[in-house]
Amino acid sequence: MTDAADLRRRTAELLAAHPPAATERLDFLRARFDAGLAWVHFPEGLGGLDAPRSLQAVVDAELAAADAPDNDPGRIGIGLGMAAPTLLRFGTDEQKRRLLRPLWTGEEVWCQLFSEPGAGSDLAALATRAVRDGGDGGDGAGSGGDWIVDGQKVWTSSAHLARWAILIARTDPGLPKHRGISYFICDMTDPGVEVRPLRQITGEAEFNEVFLTGVRIPDSRRLGAVGEGWKVAQTTLMNERVAIGGSRIPREGGMIGVAAADWRARPELRTHDLHQRLLTLWVEAEAARLTGERLRQQLSQGQPGPEGSGMKLAFARLAQEISGWEVEFLAEDGLTYDDWTMRRPDGVDFTGREAGYRYLRAKGNSIEGGTSEVLLNIVAERVLGLPPEPRTDKDVAWKDLPR
């Protein structure tokens, strides 16, 4: 059984064989993956050691102390937080061997082709079609052949950087909307994939819209059984919400740390009302941080559950309230903005930019990764056990739904 002492020994051996100061960044990351120190709870041979998830902190602390390079998780968060756990649970051995290593090292960026112009909050209403071409004769029940995909996806972070995408598409319009969906891995370099930027209120274009026209996907890139894509997607979505709302930060870290630093640095702007509001936000941020720590401890024992939706809700609300407080506290300085130039960034930086950016960017937190309204329903029904809302379309074939 791998324990903390064993992981420290393995980490020391990695550092001795590949000194960070004398090793190329990518070579070090590949060696770390091969040593099983990428994500220790993954299986041996796939970047892990079948160790408890909680022991990852031991490895991370040792590597941070040695000033070892990380894999730039902000840039490859979709791959790390969503694609990897889905591949681990539903991928074939061949898919895992081919995809997980370059995903973790950042050599191949991933994006998520889920939301559509008419299927955002109600994701199961998606209209992108995948039609079987060859293989088992076209009935969609077996394996082999290709799938031809046509449709449009929207709000796709990192699509302009991505090599791979996790994609859900409708394979049987004659079934109710949750049951006629299948889950695929899409090569973003294939013919028929077109990525267009979506400029946001910040002036940047993190998001994109993606048009799929006759995109051919081999059946070997399907995850899960045909028609069971919604089940696979739930694993992705639960992990997504944990990744957004439950990331590990130190005490007074993240946006509340920036706000507290502003308060200490600008005593001439302080008022009693702003002080009381900051104290309230500080306490709520600390409670959310500790709740996230508890959630990660629960994750070490199994798969993420609906509790991650509550964490994502708290993250969105706090980000918006803290950034609003900061803009108000800084007065005219809070309204400044460094650059409205149209850019396509690699990621989001909530703490390294000015207050105006944080205020504008935080508006998207209650939309991305599941809208707050939908997450409230999830918490109500799956965490609190309240009666579900009436759904008249639950047993109606997707093709018969009004649109």
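The structure this text deals with has already been given above.
An account of the accompanying structure is given in this report.

About the thresholds
Residues numbered from 1 in each chain as written. Predicted model: local features only at pLDDT ≥ 70, side-chain atom pairs only at ≥ 80, totals over all residues. Heavy atoms only, no water. Phe/Tyr/Trp six-rings, centres within 6.5 Å; stacked < 30°, edge-to-face > 60°. Lys NZ or Arg CZ within 6 Å of the ring centre and 35° of its normal. Patch = residues over 30% accessible without salt bridge, like charges linked within 9 Å, V, L, I, M, F, W, Y side chains within 5 Å. Areas by Shrake-Rupley, 256 points an atom, 1.4 Å probe, with all protein chains shown as cover. Salt bridge = Lys/Arg side-chain N within 4 Å of Asp/Glu carboxyl O. Helix = DSSP H or I, 4+ residues; strand = E, 2+ residues; numbered from the N terminus. Axes fitted to C-alpha atoms, helices over the stretch in contact; angles between N-to-C directions. Parallel < 35°, antiparallel > 145°, perpendicular 65-115°, else oblique. Left-handed = near helix turned anticlockwise from the far one by under 90°. Contact = heavy atoms within 4.5 Å. Nonpolar A, V, L, I, M, F, W, Y, C, P; charged D, E, K, R; others polar. Expected span 1.5 Å × (residues − 1). Buried < 20%, exposed > 50% of the residue type's maximum accessible area, 1.4 Å probe, protein only.

**Comments concerning the packing of aromatic side chains**
Within the structure shown, the criterion is met by eleven aromatic pairs. In this arrangement the basic side chain of Arg196 is found over the ring face of Phe211, its NZ or CZ atom lying 4.1 Å from the centre. Across from the ring centre of Tyr357, 3.9 Å away, lies the NZ or CZ of Arg353, which sits over that ring.

**Thoughts on a nonpolar patch on the surface**
On the surface, Val383, Leu384 and Leu386 cluster together into a nonpolar patch covering about 270 Å² of accessible area. Take Val383: it is sitting in helix α11 (residues 372-383).

**Digging into the packing of helix α2 (residues 25-34) against helix α5 (residues 93-105)**
Put simply, α2 and α5 touch, their axes get as near as 9 Å, and they point 130 degrees apart. Between α2 and α5, the angle falls in the class oblique. Both α2 and α5 take part in a crossing whose hand is right-handed. Across the interface between the two elements, Leu26, Leu29, Arg30, Arg32, Phe33 and Asp34 of α2 pack against Leu100, Arg101, Trp104 and Thr105 of α5. When the residues that make up the contact of α2 with α5 are grouped by side-chain class, the tally is five nonpolar, one polar and four charged.

**Some remarks on helix α1 (residues 4-17)**
A rise of 1.5 Å per residue sets the reference length of α1, with its 14 residues, at 20 Å; its end C-alpha atoms lie 20 Å apart and thus fit the reference within 8%. Listed as buried for α1 are Asp6, Leu7, Thr11, Leu14 and Leu15. Buried residues along α1 sit in contact with α2 and α3 (56-65).

**A few points about the pattern of salt bridges**
Counted by the stated rule, this structure contains 38 salt bridges. The closest approach of N and O atoms between Arg132 and Asp219, which form a salt bridge, is 3.6 Å. In this pair, Arg132 is assigned in strand β2 (residues 129-133) and Asp219 in the loop between β7 (207-218) and β8 (222-223), connecting sequence segments 87 residues apart. A residue is classified by how much of its surface remains accessible, and Arg132, at 10% relative accessible area, is buried. For Arg251, the salt bridge goes to Glu286, with nearest N and O atoms at 3.8 Å. With Arg251 in the loop between α6 (229-245) and α7 (254-265) and Glu286 in helix α8 (residues 272-299), this residue pair connects regions lying 35 residues apart in the sequence. Assessed through its relative accessible area of 56%, Arg251 is described here as exposed.

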